[in-house]
Amino acid sequence: MRRTRKHLEEMAQAARALALYAEELHALLSERPLEAEGVAREVEEAVGELRGLVSRLYALEARLKAPHGQRSHLAANPGGGSSGGL
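Just so it is clear, the model here is predicted, and its values are computed rather than measured. (Residues numbered from 1 in each chain as written. Predicted model: local features only at pLDDT ≥ 70, side-chain atom pairs only at ≥ 80, totals over all residues. Heavy atoms only, no water.)

Our next topic: the overall build of the protein. Along the backbone of the protein there are three helices and zero strands. Listing every helix and strand of the protein by position from the N terminus yields α-α-α. When each of the 86 residues of the protein is scored for burial, the buried share is 3%. Counting only carbon and sulfur atoms, one obtains 57% of the accessible surface of the protein, whose full area is about 7,500 Å². (Helix = DSSP H or I, 4+ residues; strand = E, 2+ residues; numbered from the N terminus. Buried < 20%, exposed > 50% of the residue type's maximum accessible area, 1.4 Å probe, protein only. Areas by Shrake-Rupley, 256 points an atom, 1.4 Å probe, with all protein chains shown as cover.)

Have a look at this one:
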């Protein structure tokens, strides 16, 4: 349990750093719009990876919140057919 909490704390710290980096990148690209096209693919890939991670965490949360009898169904179908909140 302690290890899981540590990982979740690290994840929260990484999420805060991600928000700061995204804001900084947005500001830089506002100053240099011609460079935006050069990083567009990388940004798009990063967004896809981030959405996937958010979806995984959403599914974990849903699984933990579900009544005990429904947990086995959610474990077998972690996406639950939803977009994970995005």
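Here the narrative resumes, following the displayed structure.
Before going further, it helps to examine a nonpolar patch on the surface. Taken together, the side chains of Leu 8, Met 11, Leu 18, Leu 50, Leu 53, Val 54, Leu 57 and Leu 60 present a nonpolar region at the surface, about 590 Å² in accessible area. Taken together, the elements giving at least two residues each to the nonpolar patch come down to helix H1 (2-31) and helix H2 (36-65). Considering each element in turn, the nonpolar patch owes the most residues, five residues, to H2. Tracing the sequence through the fold places Leu 53 in helix H2. (Patch = residues over 30% accessible without salt bridge, like charges linked within 9 Å, V, L, I, M, F, W, Y side chains within 5 Å. Salt bridge = Lys/Arg side-chain N within 4 Å of Asp/Glu carboxyl O.)

Taking 1.5 Å per residue as the helical rise, H2 with its 30 residues ought to reach 44 Å, and the 41 Å between its terminal C-alpha atoms agrees with that figure. Taken as a whole, H2 carries its principal kink of about 30 degrees at Glu 42. (Expected span 1.5 Å × (residues − 1). Bend = angle between axes of the 7 residues up to and from the residue.)

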